[in-house]
Amino acid sequence: MTEAATDAGTADDDVASDRVPTRTHRWHDPVALADAVAGLSGLELFEKLASGELPLPPIADTLAFGRIEATGAGSVTLSLEPRGAEA
């Protein structure tokens, strides 16, 4: 798993660094994931994400993926709840 920290930043350069919101992102090796999903249909990919067989992408933490439903060809539902920098 790979990790990176990002600063949310601020327009005021005089703000103490301990007050600047940060978020740490973790993700799995994208090359290994690409190999794991090679040949899957879009539906199969989302079914594996929904079941936990595949790790969610880093954006899933930022957007707080809730439920993923892959109910049939042409139908995938994602429930998202955006988070603030403090989450």
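Residues numbered from 1 in each chain as written. Predicted model: local features only at pLDDT ≥ 70, side-chain atom pairs only at ≥ 80, totals over all residues. Heavy atoms only, no water.

## A short note on the overall build of the protein chain
Turning to step 1, where the next piece is worked out: Of regular secondary structure, the protein chain possesses 3 helices and 4 strands.
Turning to step 2, where the next piece is worked out: Sequence-ordered secondary structure for the protein chain, helices as α and strands as β, is β-β-α-α-α-β-β.
Turning to step 3, where the next piece is worked out: In the protein chain, which comprises 87 residues, the proportion classed as buried is 13%.
Turning to step 4, where the next piece is worked out: In the protein chain, the proportion of contacts linking residues at least 24 apart, taken out of those at least 6 apart, comes to 29%.
Turning to step 5, where the next piece is worked out: By element, 52% of the accessible surface of the protein chain is carried by carbon and sulfur atoms, the whole surface being about 6,200 Å². (Helix = DSSP H or I, 4+ residues; strand = E, 2+ residues; numbered from the N terminus. Buried < 20%, exposed > 50% of the residue type's maximum accessible area, 1.4 Å probe, protein only. Contact = heavy atoms within 4.5 Å. Areas by Shrake-Rupley, 256 points an atom, 1.4 Å probe, with all protein chains shown as cover.)

## Description of a nonpolar patch on the surface
Turning to step 1, where the next piece is worked out: A contiguous nonpolar surface patch, about 220 Å² in accessible area, is contributed by Val76, Leu78 and Leu80.
Turning to step 2, where the next piece is worked out: Note that Val76 resides in strand S4 (residues 75-78). (Patch = residues over 30% accessible without salt bridge, like charges linked within 9 Å, V, L, I, M, F, W, Y side chains within 5 Å. Salt bridge = Lys/Arg side-chain N within 4 Å of Asp/Glu carboxyl O.)

## Concerning the confidence of the model for the protein chain
Turning to step 1, where the next piece is worked out: In the predicted model, the protein chain carries a mean pLDDT of 74, and the fraction of residues at 70 or more is 72%.
Turning to step 2, where the next piece is worked out: Least confident of the elements in the protein chain is strand S1 (residues 2-7), whose mean pLDDT is 52; most confident is helix H1 (residues 30-37), at 86.
Turning to step 3, where the next piece is worked out: Low pLDDT, under 50, characterises residues 9-13; the predicted model gives this stretch 4 contacts beyond four residues in sequence or across chains. (pLDDT = per-residue confidence, 0-100.)

## Let's talk about H1
Turning to step 1, where the next piece is worked out: The distance from a side-chain oxygen at the start of H1 to the backbone nitrogen of Val31 is 3.1 Å, and the residue carrying that oxygen is Asp29.
Turning to step 2, where the next piece is worked out: In the segment just after H1, Gly39 is the residue with positive phi, at about 90°. (Polar contact = N/O pair within 3.5 Å; in protein donor to acceptor, adjacent residues only side chain to side chain.)

## Here we look at the pairing of S4
It is a general feature of regular strands that their side chains alternate between the two faces of the sheet.
Turning to step 1, where the next piece is worked out: Pairing of strand S3 (residues 68-72) with S4 involves 4 bridges; the strand directions are antiparallel. Note that in S4 the partner of Gly72 across the bridge is Ser75.
Turning to step 2, where the next piece is worked out: Between the end of S3 and the start of S4, which pair antiparallel, lie 2 residues, with Gly74 showing a positive phi angle near 85°. (Pairing = 2+ DSSP bridges.)

## A look at the environment of Gly74
Turning to step 1, where the next piece is worked out: Looking at the element boundaries, Gly74 is found in the loop between S3 and S4.
Turning to step 2, where the next piece is worked out: Sequence separation between Gly74 and Leu43 is 31 residues, and the spatial gap between their C-alpha atoms is 7.6 Å.

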